[in-house]
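# Observations on the model geometry
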Amino acid sequence: SELLEKNFGGERCPEELDGTLDLQMANANCCRFNRWGTLVAVGATDGRVFIIDFLTRGVVKQFSAHVSPIQSLSWSRDGRSLLTGSVDQTCVVWNVLNGQPQTKLKYAGMIMSAMFNPRDDTQLLVLPNGQHPSLEGTRPKSTRVVASNNPLLQEDSVSCAAYDRRGRYILTGTSKGRIVIYDAVTLALLSIVKQNSVQQIRNIVVPRRGCFVLTNSQDRVIKRYDLDELVKGGTRGVQIEPIQKLSDIVNKAAWKSVCCSYDGEYICGASTKAHSLYIWERGSGSLIKILHGTKFQGEALHDVQWHPTRAVILSVANGIVSVWTQAHVENWSAFAPEFTELEENAKYTEKEGEFDLEDEDASEEEKDDDDNNEDVEIDVVNLKPDEMGCSSDEEDSRMPVMPTTNTGPLWFIPVTPEIENPETLHPIFNAAGPYADLSFLRQPAGGMPIQYDDPNDLRRRTAATAATAAAKPMVKASRRPTK
């Protein structure tokens, strides 16, 4: 992957618009990748949820989740459950395979954010509007309010909440620019940190890799803090200076949402006034790219997400999910050092002995080296698992062999074709017939059903072929030559 990124990808950040996701005339409001980036959940303004296979970019499942716009989405660690939070003041945990609700929660305000514990699928962190965050347990069912009696927090309201990447801490941002950290198990207050401004904190972003935290405040500055320093800040409300500050110096843009690359090397800020994405390099803090989307009147970004394993960004604006990818430039000399690109046709001059089976002029030592190289065996069975699908403290990202099993990670959804008028099938395709198993019609992951001009044409042709083969006598004929 490093060779491909170096020679075919250029910089490890998106560079151009690569189309949009087809949501069947629905208006998107938010989106979220699963842990491996194979599936994308999109929440619409009409309350529907779309599950999209990102490889084929086709909708593999959709269901009506709420009666109002969906405000928040979160995938469970194994990818089998999806948490949705809506303006209708409800949170629902859905089974991704069958689209059935597992747990329903009702609150007194619209849901600002809701997310699974990154290491425990039975724990949910929900933030209703104007209330304290609540820690919900699904097995067994329990509710605990994340709050403290500290005098510094009496006149301060919570504006955002998030887990750290290991699920040990709960980080909350307040309306007066404070970062409050709680223990995720005991809910004990660990730290209160004051920023250098009293502006409200809109977002708290915890990357998949790296021990740092990003905050997006109303002062239009994205700040980066070291997580360990925030935890050690104490409960007296001390002020800690950020490690890095990122902002739009020219246009003074405010940020609707912030995301981070899978390796933590790039930070992306989505502007609130226009469909623009600003990308900074974390190491140097320099602005390296500005991506401008389609310009509609009154258009504003709603959400932005970075792919967990690739240099791909999804942005939601004007109800459309745009896909930003790299500008791929092929460089074949990376694989063949002698490969050269010709601007015009040139006559090739054959070298001496270039196409000979054996080089007669080569020494015996070189021939022995060639013979030894042919005996080297390459192990293609016991491959090392890809580390991109997990956070930096995990050993691997093992995936199951059969994703349709009842347990284990679910990293894609199998899709079967839709059969029109199943009662008109030929008797040969009945349950007792030899062709009852229609698994040969199964499509690959994310594929859409094949549409035929006549839905029964394939079955009629197959049935006729089978009937003809069964009725034809097995006679061995011989042909004599004519005189």
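Computed from a prediction, not measured in an experiment: that's the story for all the values here.

Another point: the overall build of the chain. Counting secondary structure elements, the chain contains 4 helices and 29 strands. Residues classed as buried in the chain amount to 44% of the 483 residues present. Summed over all atoms, the accessible surface of the chain reaches about 27600 Å², with 49% contributed by carbon and sulfur.

Bringing the side chain of Asp88 into the picture now. Counting through the fold element by element, Asp88 comes out in the loop between β7 (81–86) and β8 (90–95). We note that Asp88 is buried and unpaired, the nearest opposite charge coming from Lys106 at a distance of 6.1 Å. Of the polar contacts made by the side chain of Asp88, one reaches the side chain of His66; its length is 3.3 Å. Leave out the neighbours within four places in its chain, and Asp88 touches His66, Val67, Ser68 and Lys106.

Here we take up the sheet that holds strand β18 (residues 201–205). The strand order across the open sheet built from 4 strands is β18-β19-β20-β22, with neighbouring strands paired in antiparallel fashion. With partners counted over all chains shown, the strands left at the sheet margins are β18 and β22 (244–246), one partner each. Going across the sheet, the axis of each strand differs from the next one's by a mean of 20°, ignoring polarity. Judged from the 3 bridges that link them, strand β20 (residues 222–226) and β22 form a sheet pairing that is antiparallel. Residue pairing in the sheet places Arg224 in a bridge with Gln244 of β22.

The next thing to look at is the pairing of β8. By the criterion of burial, β8 is predominantly enclosed, with 6 of the 6 residues buried. Counting the residues in the hairpin turn of β7 and β8 gives 3 residues, including Gln89, whose phi is positive at 70°. Here 5 bridges tie β8 to strand β9 (residues 101–106), and the two strands are oriented antiparallel to one another. Each bridged residue has a counterpart across the sheet, and for Val93 the counterpart in β9 is Thr103. Between the antiparallel neighbours β8 and β9 lie 5 residues, among them Gly99 with a positive phi of about 70°.

Take the pairing of strand β10 (residues 111–117) next. Most of β10 sits inside the fold, with 5 of its 7 residues counted as buried. Sheet topology places β10 next to strand β11 (residues 120–128); 6 bridges connect them, and they run antiparallel. In the sheet register, Phe116 faces β11, and the bridge partner there is Leu124. Taken together, β10 and the strand that follows it, β11, pair antiparallel across an intervening segment of 2 residues.

Taken residue by residue, the chain gives an average pLDDT of 80. The fraction at 70 or more is 72%. Across residues 428–455, where pLDDT falls below 50, the model places 44 contacts with residues more than four positions away in sequence or in other chains. Note on residues 473–483: pLDDT is under 50 here. Beyond four places in sequence and across chains, it has 0 contacts.

Thresholds applied
- Residues numbered from 1 in each chain as written.
- Predicted model: local features only at pLDDT ≥ 70, side-chain atom pairs only at ≥ 80, totals over all residues.
- Heavy atoms only, no water.
- Helix = DSSP H or I, 4+ residues; strand = E, 2+ residues; numbered from the N terminus.
- Buried < 20%, exposed > 50% of the residue type's maximum accessible area, 1.4 Å probe, protein only.
- Areas by Shrake-Rupley, 256 points an atom, 1.4 Å probe, with all protein chains shown as cover.
- Lys, Arg positive; Asp, Glu negative; His and termini not counted.
- Salt bridge = Lys/Arg side-chain N within 4 Å of Asp/Glu carboxyl O.
- Polar contact = N/O pair within 3.5 Å; in protein donor to acceptor, adjacent residues only side chain to side chain.
- Contact = heavy atoms within 4.5 Å.
- Pairing = 2+ DSSP bridges.
- Axes fitted to C-alpha atoms, helices over the stretch in contact; angles between N-to-C directions.
- pLDDT = per-residue confidence, 0-100.

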